[in-house]
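Structural overview for review
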Amino acid sequence: FRPENKESMGVAGDGSATAFKTFKETVKELGHTGKTLSILAIDCEGCEWDIYKEVLSSDVMTVQQVLFQMHGTPFIANRFFVAMHNAGYAIFHREEVGVSVYDYSFLKLAPSYFGSTKPQLRQPLNTPEE
């Protein structure tokens, strides 16, 4: 799936053209809307920098552990980590698996883990807006 352009076409394993779906469409098709998933692994060759917003959307589903394979480090990387933290996720594992490719594992924690008021991390200065 590609959230930025769900109408784009891809190539299926058999070489035929196939349309991509958004994350929400995929969740709905699989019957996971509104449910709690134990683990969600995402390795989508670069779309992780866009898809995380839909993963964190409370109207889609709740995920206890999210495993992302991150490709490269675009200028929006800090926004990704801030959003994960602010949504109550903490990194419990990080591993370099290739050149500029990292596996990050996040665990959804109880709000009490972050104290009585969860800190809001700041965006760095001079970061281009989305």
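These numbers come from a predicted model, not from an experiment. (Residues numbered from 1 in each chain as written. Predicted model: local features only at pLDDT ≥ 70, side-chain atom pairs only at ≥ 80, totals over all residues. Heavy atoms only, no water.)

Things to note about the packing of helix H2 (residues 48-56) against helix H3 (residues 77-86)
In contact at an axis separation of 10 Å, H2 and H3 are set at 15° when each is read in the N-to-C sense. By the criterion of interaxial angle, the relationship of H2 to H3 is roughly parallel. In this structure, the crossing between H2 and H3 has a hand that is left-handed. Where H2 approaches H3, its residues Trp49, Tyr52 and Leu56 are matched on the opposing element by Ala77, Arg79, Phe80, Ala83 and Met84. Class assignment for the residues of the contact of H2 with H3 results in seven nonpolar, no polar and one charged. (Axes fitted to C-alpha atoms, helices over the stretch in contact; angles between N-to-C directions. Helix = DSSP H or I, 4+ residues; strand = E, 2+ residues; numbered from the N terminus. Parallel < 35°, antiparallel > 145°, perpendicular 65-115°, else oblique. Left-handed = near helix turned anticlockwise from the far one by under 90°. Contact = heavy atoms within 4.5 Å. Nonpolar A, V, L, I, M, F, W, Y, C, P; charged D, E, K, R; others polar.)

Observations regarding the packing of aromatic side chains
Taken as a whole, this structure holds 10 aromatic pairs when the rule is applied. Between phenylalanine 68 and phenylalanine 106, the aromatic rings sit 6.3 Å apart at their centres with planes inclined by 85°, giving edge-to-face as the arrangement. Of this pair, phenylalanine 68 sits in strand S4 (residues 62-71) while phenylalanine 106 sits in strand S6 (residues 101-108), and the two are 38 residues apart along the sequence. Assigned by exposure class, phenylalanine 68 and phenylalanine 106 land together as buried. Look at phenylalanine 81 and tyrosine 104: their rings are 5.0 Å apart centre to centre, the planes differ by 65°, and that puts the pair in the edge-to-face class. In this pair, phenylalanine 81 sits in helix H3 while tyrosine 104 sits in strand S6, placing the two residues 23 residues apart along the sequence. Its relative accessible area of 23% is what places phenylalanine 81 among the partly exposed residues. Taken together, the ring pairs in this structure connect Trp49, Tyr52, Phe68, Phe80, Phe81, Tyr102, Tyr104 and Phe106 into an aromatic cluster. (Phe/Tyr/Trp six-rings, centres within 6.5 Å; stacked < 30°, edge-to-face > 60°. Buried < 20%, exposed > 50% of the residue type's maximum accessible area, 1.4 Å probe, protein only.)

A look at the pairing of S6
Where S4 and S6 come together, seven bridges link them in antiparallel fashion. Among the inter-strand pairings, histidine 71 is bridged to a residue of S6, identified as valine 101. Pairing analysis gives eight bridges linking strand S5 (residues 89-98) to S6, with the strands arranged antiparallel. Along S6, the bridge assignment pairs glutamate 95 with aspartate 103. (Pairing = 2+ DSSP bridges.)

Details of the environment of valine 66
Note on placement: valine 66 falls in strand S4. The contacts of valine 66, once residues within four sequence positions are left out, are Leu40, Val55, Met84, Tyr89, Tyr104, Ser105 and Phe106.

Let's talk about the sheet that holds S6
Here four strands make up an open sheet; going across it, the order is S3-S4-S6-S5 and the pairing mixed. The sheet is open, and its two borders are formed by strand S3 (36-42) and S5, each paired with just one other strand. Going across the sheet, the axis of each strand differs from the next one's by a mean of 10°, ignoring polarity. Across the sheet, H2 touches S3, S4 and S5, and the angle it forms with S4 is around 175°.

Quick look at the confidence of the model for the protein chain
Scored by pLDDT, the protein chain comes out at a mean of 77, with 74% of its residues at no less than 70. Mean pLDDT across the elements of the protein chain ranges from a minimum in strand S1 (residues 9-11), with 48, to a maximum in S6, with 94. (pLDDT = per-residue confidence, 0-100.)

A few points about H3
Along H3, the residues that are buried comprise Ala77, Arg79, Phe80, Val82, Met84 and His85. Buried residues belonging to H3 abut H2, S4, S5 and S6. Positioned one or two residues after H3, glycine 88 has a phi angle of 95°, which is positive.

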